[in-house]
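Here's the letter readout for the chains.
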Amino acid sequence: MSLADRITGRVDRYKPRITECVIFVRPLPLIADEKPPAGDEFAFRAVFAPNDPYLAQIESPERLEAMRPFFAQGGFVALAIHVPTDTTVSKMWMLTYSPQPGDAQRGLLPIRLAKDECIILDIWTHPDFRRQAVAFTVAYELGAIMDEFYPHKRWVYGYAHKDNEASRGLMEALYGMWPVQEIKEVEVGPFWVTMVPGSD
């Protein structure tokens, strides 16, 4: 790749990208009944610090460093571990506080949360494990995490790009969430995110 191509690619990477999104909500727990269970080959954990070795398997050092304030203010990540290979195969990032203006550089939308609210930031399951109920069980285990560490939380939000049918289906069909609002999200570079003013 030529120097010109590398420069062009870097510039393109930082062009603002505007995407229509749908915000969903439902009462906690996200899933009340563990069915079907993922099985004994999987373990689940809540991560409250950026230096967790299982989280480092699936997130870049840059993102983990940027998210230190997220963890310091009470955010966490629920992980699923494939025990035979000791590999992280699913994640769910949960924001439990209202982001500050500077949090846009960490990929946190400027959403004001009430004291009894939280929002799912990021969901991912490895393609090889999407048919093994791992995403079900992570969401089920999330209920136990919330009960133990955030018993005052009553409502959970999530959001998905409007054109991402898989994510929207996950929110609506699997988690039983319903749409409450539409926004336009602005992304710049690998992490920075905000909303188009007035789009909500």
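Sequence order sets the numbering: in each chain, residues are counted from 1 along the sequence as written. Predicted model: local features are reported for residues with pLDDT of at least 70 only, side-chain atom pairs are reported and counted for 80 or more only, and whole-chain, interface and lining totals are derived from all residues. Side-chain metrics in this entry use all non-hydrogen atoms of the structure; hydrogen atoms and water are not considered.

S.K.: Explain the nonpolar core to me, please; I cannot follow it from the model alone.
M.R.: Across soluble globular proteins, you tend to see nonpolar side chains buried next to one another. Core analysis: the largest hydrophobic core is formed by 28 residues, its most contacted members being Leu30, Phe76, Met92, Val156 and Tyr175. Helix and strand definitions follow DSSP, with helices as H or I runs of at least four residues and strands as E runs of at least two, each counted in order from the N terminus. Mapped onto this core, the elements with two or more residues apiece are β1 (17-27), β3 (76-82), β4 (87-95), β5 (117-125), α5 (134-149) and β6 (155-161). Note on definitions: a residue-residue contact is assigned when non-hydrogen atoms from the two residues lie within 4.5 Å. Setting aside residues up to four positions removed in sequence, Met92 forms contacts with Leu30, Phe76, Val77, Ala78, Ile120, Asp122, Ile123, Val138, Ala139, Leu142 and Tyr175. Definition of nonpolar core: a set of buried residues of the types Ala, Val, Leu, Ile, Met, Phe, Trp, Tyr and Cys, connected through side-chain atoms within 4.5 Å. Between buried and exposed lies partly exposed: a residue is buried under 20% and exposed over 50% of the maximum accessible area for its type, with that area taken using a 1.4 Å probe on protein chains only. Of all hydrophobic cores here, the second largest spans 25 residues; its members include Leu64, Leu79, Ile81 and Tyr159.

S.K.: What's the story with the environment of Phe24 in this structure? I'm lost.
M.R.: Considering the arrangement of structural elements, one finds Phe24 in strand β1. Take Phe24: its relative accessible area is 0%, and that puts it in the buried class. With 135 residues separating them along the chain, Phe24 and Tyr159 place their C-alpha atoms 5.8 Å apart. Look past the residues within four positions of Phe24 in its chain and what remains in contact with it is Val156, Tyr157, Gly158, Tyr159, Ala160, Arg168, Met171, Glu172, Met177, Trp178 and Pro179.

S.K.: Explain unusual backbone geometry here, please?
M.R.: One can expect most non-glycine residues to show negative phi and most peptide bonds to be in trans. A cis amide bond, omega 0°, links Leu28 with the succeeding residue Pro29. Even without a glycine there, the phi angle at Asp86 is positive, about 55°. Positionally, Asp86 belongs in the loop between β3 and β4.

S.K.: What is the right way to read the environment of Gly75 from this model?
M.R.: Looking at the secondary structure, you find Gly75 in the loop between α4 (68-72) and β3. Using a relative accessible area of 1% as the deciding quantity, one classes Gly75 as buried. Remark: the alpha-carbon pair of Gly75 and Phe48, spanning 27 residues in sequence, is separated by 6.9 Å. Not counting the four nearest positions on each side in its chain, Gly75 is found in contact with Phe48, Phe70, Met94, Thr96, Tyr97 and Tyr150.

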